[in-house]
Amino acid sequence: MTSNMIPPAIIFILAALLIPFLKGKTKSIYMLLIPVAAFYVLVNIPYGNIWTYEFWGYNLILGRIDKLSMVFGYIFTIMAFLGILFALKVKDDLQHVSGIIYAGATLGVVLAGDFLSLYLFWEIMAVSSTFLIIASRTRASREAGFRYILVHLIGGLFLLAGIVLYVQKTGTIAFDYIGLTGIESYLIFIGIALNAAAIPLHAWLPDAYPQGTPTSTVFLSAFTTKSAVYLLVRTFPGADLLIWIGAFMVFVPIFYAVLENDIRRVLAYSLLNQIGFMLVGIGIGSQLALNGAVAHAFCHILYKGLLFMAAGSVLQMTGKIKCTEIGGLYKTMPLTCLFCIVGAASISAFPLFSGFVSKSMIVTATVNEKMILVYLVLQFASAGVFHHAGIKVPFFTFFGHDSGIRAKDPSWNMILAMGIAAFACVFIGVFPQPLYNLLPFTVNYIPYTGAHVVGQLQLLMFGALAFALLILSGYYPPEIKSINLDVDWSYRKFGRGAYIVMDKGLNALNRVSESILMGSVKGVSSFFNSAAAKIALFVSVNVWLLLGYRDKRLEIKKNQLYNDMIEGTLPIGIGAAVAISFILLVFALT
Amino acid sequence: MKKELTLFDNPKNVKILLITFYCSLVVLLISEFFIHPHPAFSFEHVKGFSAVYGFFSCVLLIFLAKILRLIVMKKENYYDK
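Values in this document were obtained by computation on a predicted structure and should not be read as measured data. (Residues numbered from 1 in each chain as written. Chains lettered and ligands numbered in written order. Predicted model: local features only at pLDDT ≥ 70, side-chain atom pairs only at ≥ 80, totals over all residues.)

Visitor: Just checking my understanding: could you explain the overall build of chain A for this structure?
Guide: Helix and strand content of chain A: 24 helices and three strands. Here chain A, with 590 residues, has 54% of them falling under the buried criterion. Partitioning the intrachain contacts of chain A with sequence separation of at least 6 by distance along the chain shows that 81% fall at a separation of at least 24. (Helix = DSSP H or I, 4+ residues; strand = E, 2+ residues; numbered from the N terminus. Buried ≥ 20, exposed ≤ 12 C-beta atoms within 10 Å, placed from the backbone. Contact = placed C-beta atoms within 7 Å.)

See the structure below:
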């Protein structure tokens, strides 16, 4: 059966390349069928290691199929479908292609059973998601995209270095539970934690995600962080460090979320807060806690996607997304408003909504482990989540002061995508058992007890009372056109200086990489140099074609790029270093 | 174009909403006496603990956020300078 099935990641990535050649309805139907085909494969594959290939004496495993990888495989495929549906009417192939490749690479990461294919898909994720950020084609998005890719390439290097040492130590590229033991495990941990946006490696997320287009941010919100959460569940369950990182993460971002003016930045900070809950669950590492972390990731992808869809609809229809500029939109966007409230109720973990049945597993796990402090922090954060994501987002967008904007609800496909996500949030909240059946361990957990429902409702409703009283008394921090400094200040304020340092530093890295291998593998290194130029040329020419460059202008661009690459005036040090590291890896192992 | 909703333009409706909200708070407090409790920690034996904790969490959140704003808030063009 499996021999004639293609790995879902490959389906996505190959299918994405054909998109620019299709038009109209055919194109829409084709794009929607991609996740459907991948889902069909997922449903029909047996457990175990499948799609294994021999590569330079190593066993690549493209399909490690067990309950843990499957639950993430399902939700990522579902979210890819919703994201594609939401973006169906976008007339920009760059977004479609990179979004679908991004989703495919995420599935590749989730199903990978070995480090080499994991790393490959990991880097494809980083690159393809960058295109989603710069797809807005504004100066701000280009700059944020540049910072984003730099941060992720550096994270990728940590991961790669860890992998090299790990493989050297164990003699195999296969991986499963690692645990924080030696230097290699810490390097791998840092690489993964950066993608999970774990504090203090988080600043790239609120910096870059809000710069995406109305539709691309929906993709971004789902994949990178939650695939890292999956990897942490797989490789570092029970690492105490994660409890403290997680507790810090549920706590600190909510202050920023309260202050932020840009709705999508509010959502980005609340994303960090939600990941914090998952990390606490992974850090505790009991069966209940891990189930909770996985279930919460599953629910979170849906309701956070829904909230970003609602915010995207507002941005699409009004061109605005800042609290100071919008308000009173319920009058003409009632459906978007309704779906946003469902998403807000879900993230706030209201009974009968999805967050309630997943987050409470993590909270209960802290009770079982007698962690009073962590429990109190999580409860504080739960009230705080309701405050900023549950009330603030819908209130300032759809109610609050009337901005006078009279935008309509968005097109049918966007409404449908939000409708499906909203339905799923309510369905999971009312009937949690189907989700519980998917979780890695058997679930003996009952979310709906009288004490739990009343306790949670008290927590939330009296939090709402505080909000109401503060708003009515005028003590609530007013909406102000502003930005709030975060850790990214450290590499942004000195932006130009840092760029020069990086430029010099990375090109130096280039030279060092070359000189290391001077002599014995000189040919290999120059091959990588020109290969890098050729690959860059191939990718860029396609992008330029999509952007509408033709003939002479295209020719000039091509020459510029090729010369820059060959003469090393571009900071391509990272690419070369990655390539050279790979060769070193091979040398070290043979 | 469809007629727009004006539900909350009427102060009477806002008042009804607020009264409903306050009533639901009272109902929540009373209902705690009629359920089988299973407190997580000893301090949760106190009736209404979650309510008090939720309320003061949010007040503290706003209070600290206001202080944080003094430190981190900058003009929108801060990074472009």
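Visitor: I would appreciate a short explanation of the interface of chain A and chain B in the present structure.
Guide: Accessible area lost on assembly of the parts is the figure often given for the size of an interface. Counting residues at the interface gives 42 residues for chain A, matched by 38 residues for chain B. Where the side of chain A that touches chain B is concerned, the elements lending two or more residues are helix 11 (253-259), helix 16 (372-398), helix 19 (450-473) and strand 3 (483-484) of chain A. It is helix 19 of chain A that provides the largest number of residues to the side of chain A that touches chain B, a total of 15 residues. The class makeup of the residues in the side of chain A that touches chain B is 27 nonpolar, eleven polar and four charged. (Nonpolar A, V, L, I, M, F, W, Y, C, P; charged D, E, K, R; others polar.)

Visitor: I keep staring at the domain arrangement of chain A and nothing clicks. Help me out?
Guide: Residues and elements named next belong to chain A. Entries for chain A in the domain assignment read domain 1 (1-236), domain 2 (239-478) and domain 3 (494-589). Placing the centre of domain 1 and that of domain 2 at their C-alpha centroids yields a distance of 24 Å. Taken together, the contacts link 34 residues of domain 1 with 41 residues of domain 2. Of all the secondary structure elements, the ones that give two or more residues to the side of domain 1 that touches domain 2 are helix 3 (67-86), helix 8 (204-208) and helix 9 (216-235). (Domains from an automatic or database assignment.)

Visitor: Explain the packing of helix 12 (residues 263-284) of chain A against helix 13 (residues 287-318) of chain A here, please?
Guide: The relative placement of two packed helices comes down to the angle between their axes together with the axis-to-axis distance. Residue and element names in this part refer to chain A. Relative to each other, helix 12 and helix 13 sit at 175°, their axes nearing to 8 Å. Considering the angle they form, helix 12 stands roughly antiparallel to helix 13. Residues I263, R264, L267, L271, Q274, F277, M278, G281, I282 and I284 of helix 12 touch helix 13, and the partners they reach there are A289, L290, G292, A293, H296, A297, H300, K304, L307, F308 and A311. Taken together, the residues of the contact of helix 12 with helix 13 sort by class into 14 nonpolar, five polar and two charged. (Axes fitted to C-alpha atoms, helices over the stretch in contact; angles between N-to-C directions. Parallel < 35°, antiparallel > 145°, perpendicular 65-115°, else oblique.)

Visitor: Can you walk me through the nonpolar core in this structure?
Guide: Side chains of nonpolar character tend, in soluble globular proteins, to be buried together. All names here are of chain A. In this structure, F12, L306 and L307 are the most contacted members of the largest nonpolar core, which totals 207 residues. At 21 residues, helix 13 tops the list of elements feeding residues into this core. Counting contributing residues, this core receives three or more from each of domain 1 (1-236) and domain 2 (239-478). Aside from chain neighbours lying at most four places away, what touches L306 is F339, V342, G343, M418, A421, A422 and C425. (Core = buried A, V, L, I, M, F, W, Y, C linked by C-beta atoms within 7 Å.)

Visitor: Got a minute to help me understand the confidence of the model for chain B in this structure?
Guide: Interpreting fine coordinate detail is not advised for predicted regions of low pLDDT. Residues and elements named next belong to chain B. Across chain B, the average pLDDT comes to 84, with 95% of residues at 70 or higher. Within chain B, the lowest mean pLDDT, 79, falls on strand 1 (residues 73-74), and the highest, 90, falls on helix 1 (residues 11-31). For this predicted complex, the interface confidence reaches an ipTM of 0.90, while the overall pTM sits at 0.85. (pLDDT = per-residue confidence, 0-100.)

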